[in-house]
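Observations on chain architecture
Chain residues, written in single-letter form:
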Amino acid sequence: MPSLQLRQIATRHVGPIDLSIGSAQCVCIRGASGSGKTLLLRAIADLDPHRGDALLDATSCSRLPAPEWRRAVALVAAESQWWSERIGDHFDRGVESRWMEQLALPAAALDWEVARCSTGERQRLALLRTLMQAPAALLLDEPTGNLDAEGTRWVEALLDEYRRERQAALLWVSHDGAQIERVAQRSYLLDDGRLQALR
Amino acid sequence: MNVVALSPFDLAVAALLILALAGLSLRMHLGVERPLLLSAVRSTVQLLLIGLVLKLLFDSARPLWVALLATVMLVVAGREVMVRQKRRFVGWWGFGLGTLSMFVSSFAVTLLALLLVIGIDPWYAPQYAIPLLGMVLGNTMNGISLGLDRLTQDAAQRRAVIEARLALGQDWRRAISDSRREAIRIGMIPIINAMSAAGIVSLPGMMTGQILAGTPPVEAVKYQILVMFLIAGGTGSGTMVAVGLASRRLFDERQRLRLDRLRLPRS
């Protein structure tokens, strides 16, 4: 039953922030650009030096080796990044074919060249790449930012299923109010480095 | 065969080339006459000085003086590596990283040559120790500065990729592996090229010097081969050590990429 807790997390102009996300819960954050939404997610993933602490269940971030923490509390960046020629080279553990179908990606997509994929295809593939690591909590930075309405629905449905099946805790940054209505149980506005409850 | 001693007049003839070049530069508005003359004067003075130093050193052959000169050479090379970096590490790392790697590689390789290959008595005889160290150090310096420059530039440019790999739970070694491999390769290319071209395209300076000084060509060639291998060993190991240490230094204890440990490039 993974739950994610933030205790007095602070990084640069953001925080200190306290937040608790129960298992199988999805919490959304919105905020103006530059308000530090990405900084907050990076601090939770321990990619930036920060104050305060994040806990997965009762385990503090600093108690786990950094790579292990990042596999368990996985950040999916707004812009997907690729370092090898072929899509499949980025998947250490192969890919769940059911998820590929759900995102309308053919099985042959693993043999595609990265350079020939559209931004939207890359974003969907990058999400699957992270889900294959079976994270207990997900930090999603505008996961549908480069997708059309149809692609957005596919991703929302997949993430919803993942959350309920794995009891995963989701922290989802979105600028789309309608999307927040659809996916979140709670939502916050990040303003001046503080979280304000939206509903 | 004896060495034809060069008189000051002989050198003056060669210096005419520099003067002619400077004159041409002035007429064609190339603007290189000043640096050209300045560097010509600098090399004359520096070489005369080292000539005098070596003469004193050869006469006395005291280990302390040999060690002192070797230290001066190392420090100057370390500074050179540092100033050639577009993004160098802040603080002592900027100087220490290259200097330490050069010390480990060049000194080890030179010691190996002096003790096991040449085997003269005393092993620190400056006639052998200083020129060998100079050649190994000079080339290792190039390899290390090329490798470090490539690594830090690459890490800065590919920051998003490296952090995406960290975010997927890869450890720092794997996240930086591509940049690291490329940096070591870049550092080793000059010596690999020099070895392939040696004897066909270029006659290496050391060998040419020995032949001019009257050494039988085959003896000179054997020394050149030795020196090439020493240089390759020094450059390769030095570049690997430097790039390895620098890669480690780019990440902190929580395996975060810390580009704030690099100075911003001067524009």
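Residues numbered from 1 in each chain as written. Chains lettered and ligands numbered in written order. Predicted model: local features only at pLDDT ≥ 70, side-chain atom pairs only at ≥ 80, totals over all residues. Heavy atoms only, no water.

**Some points on the interface of chain B and chain A**
Listed as interface residues are 19 residues of chain B and, on the opposing side, 23 residues of chain A. Of the roughly 1800 Å² buried between chain B and chain A, counting both surfaces, carbon and sulfur atoms make up 49%. For chain B, the biggest contributors to the area lost against chain A are Leu168, Arg254 and Arg256 of chain B; these three give 39% of the whole. Counting across the chain B and chain A interface gives four salt bridges. (Contact = heavy atoms within 4.5 Å. Buried area = accessible area lost by both parts, 1.4 Å probe. Salt bridge = Lys/Arg side-chain N within 4 Å of Asp/Glu carboxyl O.)

**Some words on the domain arrangement of chain B**
Residue and element names in this part refer to chain B. The domains assigned to chain B are domain 1 (1-60) and domain 2 (63-261). Just the C-alpha atoms count here: the centres of domain 1 and domain 2 sit 28 Å apart. With eight residues of domain 1 at the interface, the matching set in domain 2 holds nine residues. Here domain 1 packs against domain 2, burying approximately 670 Å² in sum over the two surfaces, 80% of which is carbon and sulfur. The interface formed by domain 1 and domain 2 contains zero salt bridges. Here the side of domain 1 that touches domain 2 is composed, by residue class, of seven nonpolar, one polar and no charged. (Domains from an automatic or database assignment. Nonpolar A, V, L, I, M, F, W, Y, C, P; charged D, E, K, R; others polar.)

**As for helix α8 (residues 177-197) of chain B**
Residues and elements named next belong to chain B. In a regular helix each residue adds 1.5 Å, so 21 residues correspond to 30 Å; α8 covers 30 Å between its end C-alpha atoms and thus fits that length. In the structure, α8 departs most strongly from a straight axis at Ile189, where the bend amounts to approximately 40° and where the proline Pro190 lies between one and four residues downstream. Those residues of α8 that sit buried are Ser177, Ser179, Ala183, Ile184, Ile186, Gly187 and Ile191. Considering only its buried residues, α8 is in contact with α5 (126-157), α6 (159-167), α7 (172-175) and α10 (217-249). (Helix = DSSP H or I, 4+ residues; strand = E, 2+ residues; numbered from the N terminus. Expected span 1.5 Å × (residues − 1). Bend = angle between axes of the 7 residues up to and from the residue. Buried < 20%, exposed > 50% of the residue type's maximum accessible area, 1.4 Å probe, protein only.)

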